[in-house]
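Each chain, letter by letter, is given below.
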Amino acid sequence: MALLEQFDYKRAVETFREALTSNPSMRLARINLPIALFYAGMNAEAAEQARAASRVYADAPQPLFILGLAARVDNRTDEAADAFRRVLRLDPDDAGAKVNLALIAMQERQNADAVELSRSALAIEPYNATAAYNLSLALTRTGNTAEGTRAMQRFEEIRAAGAAVTYSQTYLEQGRYAEALASTGAEAELVNQAPSGSRFIDAAAFDSSRRPGSTTPSDVAEPLAGGVTLVDLDQDGDLDIIATGPFGVRCLRNDQGRFVDATATLGEASIVEPATGAVAGDFNNDGRPDLLVLTMSGPRLFMQVEGGAFKNVALKSAGGSAPRVARSAAFVDVDHDGDLDILIGGLADPPPSASAPAGWGFVGTGRPTASRLFRNNGNGTFTDITEAAGLSSVSSVVAVAPTDFDNRRDVDLVMVPYGSRPRLFKNLRTGAFEDVAAAVGLPDRGPYTSVAMGDVNKDGFMDLFFGQETGSGVWAFSDGRGRFRLEAAPATSTGTTSAQILDYDNDGLLDLLIATREGPHLYRNIGRGWREETSTAFSADTQGAVRAGGGIVAMTAGDVDLDGKTDVVVLLRSGEVRVWRNEGGTGNHSLRVRLSGRVS
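Residues numbered from 1 in each chain as written. Predicted model: local features only at pLDDT ≥ 70, side-chain atom pairs only at ≥ 80, totals over all residues. Heavy atoms only, no water.

Novice: Just checking my understanding: could you explain a nonpolar patch on the surface for this structure?
Specialist: The grouping of Leu 591, Val 593 and Leu 595 at the surface amounts to a nonpolar patch, some 410 Å² of accessible area in total. Overall, Leu 595 belongs to the exposed group, its relative accessible area being 78%. (Patch = residues over 30% accessible without salt bridge, like charges linked within 9 Å, V, L, I, M, F, W, Y side chains within 5 Å. Areas by Shrake-Rupley, 256 points an atom, 1.4 Å probe, with all protein chains shown as cover. Salt bridge = Lys/Arg side-chain N within 4 Å of Asp/Glu carboxyl O. Buried < 20%, exposed > 50% of the residue type's maximum accessible area, 1.4 Å probe, protein only.)

In structure tokens:
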């Protein structure tokens, strides 16, 4: 795959052939060989190998797609059309096959069919410039000049937006089924079924409940009890802790694995006003992480200045106002312009302190607070684009999560309301989003408290876990084609309040860590199922400390001691922050990667 992405097609052919010589039944090599042959210009052999692969792996659309491309190049239109139709029988929503069929239809002067196929492709990928151009051309050829002109205008808009999909003869630009497949690591022969032996050690604790001027933790309803965030604030290469809660904001600086209270260094961000959460991101592109803190009186934006302190900057917006009460937010570049926008999930007006023990119930019964999406103007100001984006109806939100659920290379948004169906907003690349949650199979309404994401089944698409206040959690596993299959999580996941998807044993498969009122539960991914390893991962003392602290309010995961293993930081109801160091046990290694942005 790396050779293909480096456009070294002939070496890729040689490598796949060597793999098949070593193991003739290797599925990936058998499917990928015709792809490499096609891009190496060896059409006849590509078609031959594609036919062979399709006979063996009838469920794989890739060989059929390559067969269609190779036939088109050789002007065998009937064979090409048949191959692309067979792709659509396997995946009715593949835009690439429909675009190619539209091109063949126009070649055969079947322009009405080309119009239908192009419209269908655009419905699947509204930003597909090739489909938009084909639609304009086909409409004009059918005599519908006015509509053809409008379609051409739409094509120009898509192309000018800078996020268009345009097909060409280059690898990675002819449709997803013309791309090679990679090993997932979840194949049965690769998964070690033995217990991992990994465990977490309760290594440090910090009490925030007695911070001068702060609120008593027990006076705050559970959904508003705070959060914990890991971010390298001082840019020294290790992760620091930002904790929020009734005590306000607290910073624990990571000093080579030892945490030191550095709250006083935060400057104006060192607030004692009750805070429900915080997210970090560089909104002004100066290379320093900034903070968005969610407080009981609204969000507050803090810009990190030279020297490491933070300055409060107004969340200025041309129209609209931020929700007063929220527990979830994200810095996310929704318009792909290179700077971070702000998404805030509106919750509900909080109850009086006397009703705090009612827990999550107030979210569904209190007056809802609307969510907001603010576009970064690049000059320190923001514009409220909630209405234009189609997000104005979302409230009672307990969690937000940016993702790319359909692998279309744009940012989609998951927003999880308490008591309603999770919302999945597909990015239309027009500045607007469309809620497709029901269409793609996300679960129905429920008392949701949390969401976690990761490619659990290793199909290259994101899977989702939804925690619920009552009842077990719900898995939404991707089918690899932008839809989801639902599955109930184990009964011990009942009452989940927080969830993280992480690879705790460094075996390449993502595991699930949840917090319930009874304590943490850890489920190890063993490829085709789960094994609970809570009793070995957490000692009785660790579990006891959680119960003594009133349970886990929030948690996050990251390698805080730079030993290559994922650690966990939790915030307890009492206001305590505890650090659980991962002591490993598998002997598996990890690789540390430093990302560097580039102009493209």
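What follows continues from the structure just given.
Novice: Can you walk me through the sheet that holds strand E25 (residues 530–532) in this structure?
Specialist: By definition, the strands of a sheet pair up through backbone hydrogen bonds, in either a parallel or an antiparallel sense. Here four strands make up an open sheet; going across it, the order is E22-E23-E24-E25 and the pairing antiparallel. Both edges of this open sheet fall to strand E22 (498–502) and E25, since each of them pairs with a single strand only. With direction set aside, neighbouring strand axes in the sheet form an average angle of 20°. Of the strand pairs in this sheet, E22 and strand E23 (residues 511–516) are connected by five bridges, and their pairing is antiparallel. Directly across from Gln 500, in E23, lies its bridge partner Leu 513. (Pairing = 2+ DSSP bridges. Helix = DSSP H or I, 4+ residues; strand = E, 2+ residues; numbered from the N terminus. Axes fitted to C-alpha atoms, helices over the stretch in contact; angles between N-to-C directions.)

Novice: What should I look at first to understand the packing of helix H7 (residues 95–107) against helix H8 (residues 111–124) in this one?
Specialist: Angle between the axes and distance between the axes: these two values describe a pair of packed helices. At a closest axis distance of 8 Å, the pairing of H7 and H8 adopts a crossing angle of 160°. It follows that H7 is roughly antiparallel to H8 by the angle criterion. The handedness of the crossing between H7 and H8 is left-handed. Taking contact as the criterion, the partners of Ala 95, Lys 98, Val 99, Leu 101, Ala 102, Ala 105 and Met 106 in H7 are, on H8, Asn 111, Asp 113, Ala 114, Leu 117, Ser 118, Ser 120, Ala 121 and Ile 124. (Parallel < 35°, antiparallel > 145°, perpendicular 65-115°, else oblique. Left-handed = near helix turned anticlockwise from the far one by under 90°. Contact = heavy atoms within 4.5 Å.)

Novice: I keep staring at the sheet that holds strand E5 (residues 258–261) and nothing clicks. Help me out?
Specialist: Read from one edge of the open sheet, four strands run E2-E3-E4-E5, paired in antiparallel fashion. The open sheet terminates on both sides in strands that have one partner only, identified here as strand E2 (227–231) and E5. Looking at each pair of strands side by side, their axes are set apart by 25° on average, direction ignored. For E2 and strand E3 (residues 240–245), the ladder comprises five bridges, and the chain directions are antiparallel.

Novice: Hey, could you run me through the packing of H7 against helix H9 (residues 129–141) in this one?
Specialist: Running from N to C, H7 and H9 cross one another at 25°; their axes reach a closest spacing of 10 Å. For the element pair H7 / H9, the angle class is roughly parallel. Judged by the sense of rotation from one axis to the other, the crossing of H7 with H9 is left-handed. Within the contact between the two elements, H7 uses Val 99, Leu 103 and Met 106 and H9 uses Thr 130, Ala 131, Asn 134, Leu 137, Ala 138 and Arg 141. The residue inventory of the contact of H7 with H9, partitioned by class, reads six nonpolar, two polar and one charged. (Nonpolar A, V, L, I, M, F, W, Y, C, P; charged D, E, K, R; others polar.)

That is the geometry; function is a separate question.
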